[in-house]
Amino acid sequence: MSHDTAAPCAAPERHTSALERLASLTADLGADLDRGAWTPGPLERALAGRLLVACAGDRQFTPARLRETLWEGSVALAYAGGGRLARLLAELHEVTTYPATDADRDPALSDAARLLERTATGIPAHDDDVL
């Protein structure tokens, strides 16, 4: 390639926000849980339950609660179930750490909370279940 020739440039990928990543991951995990493609193991169920208990008083995910849950999962959480719950908790941490309007983040946090409830029980939702 001569110095006069320009190398082709790939179009930069659109950077997705933490809220978009959280919403997408929550939807994907929920769908996989529904069809049995993801079955939360004992560690994932225990940690999801622990986080929900920690949030029971005010129903708020906080960075401190999420860090504690990730810490409790230790290295094993990164491997359990392909690390999918660990990624969900990491996205929740990012969303709760950086300011965003409540109107923007409430739907994503609510969906994540429902998914964590399902994860804690290990039971997929059925068409007649109300989430």
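Numbering of residues begins from 1 in every chain and follows the order in which that chain's sequence is written. Local features in a predicted model are, by the rule used here, given only for residues with pLDDT of at least 70; side-chain atom pairs are given and counted only at 80 or more, and totals for whole chains, interfaces and linings are based on all residues. Working from all heavy atoms in the structure, the side-chain values ignore hydrogens and water.

*Asks:* Is there a simple way to think about the overall build of the chain in this case?
*Replies:* Each helix is a run of DSSP H or I of at least 4 residues and each strand a run of E of at least 2, with the numbering of both proceeding from the N terminus. Across its full length, the chain carries 5 helices and 0 strands. In sequence order, the chain lays out its α and β elements as α-α-α-α-α. Accessibility here uses a 1.4 Å probe with only protein chains present; expressed as a share of the type maximum, an area under 20% marks a residue as buried, one over 50% as exposed, and anything in between as partly exposed. Out of the 131 residues in the chain, the part that is buried amounts to 34%. Residues are treated as being in contact if the distance between any of their heavy atoms lies within 4.5 Å. Put simply, 68% of the contacts in the chain that link residues at least 6 apart link residues at least 24 apart. Areas reported here follow the Shrake-Rupley algorithm with a probe of radius 1.4 Å; residue values treat only the protein chains shown as occluding. Element-wise, carbon and sulfur atoms account for 56% of the exposed surface of the chain, whose accessible area totals about 8200 Å².

*Asks:* Explanation requested: the environment of Ala 80 in the structure shown.
*Replies:* Structurally, Ala 80 can be placed in the loop between helix H3 (63-79) and helix H4 (84-97). Expressed as a C-alpha distance, the spacing of Ala 80 and Leu 43, which sit 37 residues apart in the sequence, is 7.4 Å.

*Asks:* Would you take a moment to explain the environment of Ala 54 for this structure?
*Replies:* For Ala 54, the position within the fold is in helix H2 (residues 42-55). For the pair Ala 54 and Glu 68, spaced 14 residues apart in the sequence, the C-alpha separation amounts to 10.0 Å.

*Asks:* Can you walk me through the nonpolar core in this structure?
*Replies:* Most often, soluble globular proteins have nonpolar side chains that are buried together. Leu 22, Phe 61, Leu 88, Leu 89, Leu 92 and Leu 116 are the most contacted members of the largest nonpolar core, which has 25 residues in total. At the level of elements, helix H1 (18-35), H2, H3, H4 and helix H5 (102-121) are the ones that each hand at least two residues to this core. With residues near it in sequence (within four places) discarded, Leu 92 still touches Leu 22, Phe 61, Leu 66, Leu 109, Ala 112 and Leu 116. Each nonpolar core is a collection of buried residues, namely Ala, Val, Leu, Ile, Met, Phe, Trp, Tyr and Cys, held together in the definition by side-chain atoms within 4.5 Å.

*Asks:* Any chance you could explain the layout of surface pockets here in plain terms?
*Replies:* To find leftover empty space, a probe the size of one water molecule is rolled over the atoms. Looking at the largest pocket, its volume works out to about 320 Å³. Contributing to the lining of the largest pocket are 14 residues, with Arg 59, Gln 60, Phe 61, Leu 109 and Ala 113 lying nearest its centre. Among the secondary structure elements, those contributing two or more residues to the lining of the largest pocket are H2 and H5. With 8 residues, H5 is the single largest residue contributor to the lining of the largest pocket. Partitioned by chemical class, the residues of the lining of the largest pocket number 6 nonpolar, 2 polar and 6 charged. Only protein atoms enter the 1 Å grid used here, on which a cavity is any set of points holding a 1.4 Å probe that cannot leave and a pocket is any open set flanked by protein within 12 Å on both sides along at least five of seven lines; residues with an atom within 4 Å of a point are listed as lining. Grid points are joined across faces, edges and corners, and a volume is the space filled by probe spheres set on the points. Gly is placed with the polar residues, together with every amino acid not listed as nonpolar (Ala, Val, Leu, Ile, Met, Phe, Trp, Tyr, Cys and Pro) or charged (Asp, Glu, Lys and Arg).

*Asks:* Looking at this model, I keep getting lost on the pattern of salt bridges. Mind explaining?
*Replies:* If charged atoms from side chains of opposite charge come close, those side chains can pair. For this document, the term salt bridge refers to a Lys or Arg side-chain nitrogen within 4 Å of an Asp or Glu carboxyl oxygen. Here the structure, examined in full by the defined rule, presents 9 salt bridges. Residue Asp 111 pairs with Arg 114 through a salt bridge whose shortest N-O separation is 2.3 Å. Residue Asp 111 and its partner Arg 114 are both found in helix H5; the two are separated by 3 residues, about one turn of the helix.

*Asks:* Quick question: what am I supposed to make of H4 here?
*Replies:* Structurally, the α-helix is built with 3.6 residues per turn, so residues lying three or four positions apart point the same way. Multiplying 1.5 Å by the residue count of a helix minus one yields the expected span of that helix. An ideal rise of 1.5 Å per residue puts 20 Å on 14 residues; H4 measures up with 20 Å between its terminal C-alpha atoms. Burial within H4 is extensive, with 10 of its 14 residues counted as buried. Looking at H4, one finds that the buried residues are Arg 84, Leu 85, Ala 86, Leu 88, Leu 89, Glu 91, Leu 92, His 93, Val 95 and Thr 96. Where H4 is buried, its residues meet H1, H2, H3 and H5.

*Asks:* How should I be thinking about the confidence of the model for the chain in this particular structure?
*Replies:* In regions of low pLDDT, the predicted coordinates are not meant to be interpreted in detail. Scored from 0 to 100, pLDDT reflects the predictor's confidence in each residue. Taken residue by residue, the chain gives an average pLDDT of 84. The fraction at 70 or more is 81%. A low-confidence stretch, residues 127-131 stays under pLDDT 50, and its non-local contacts, those more than four residues away or across chains, total 4 contacts.

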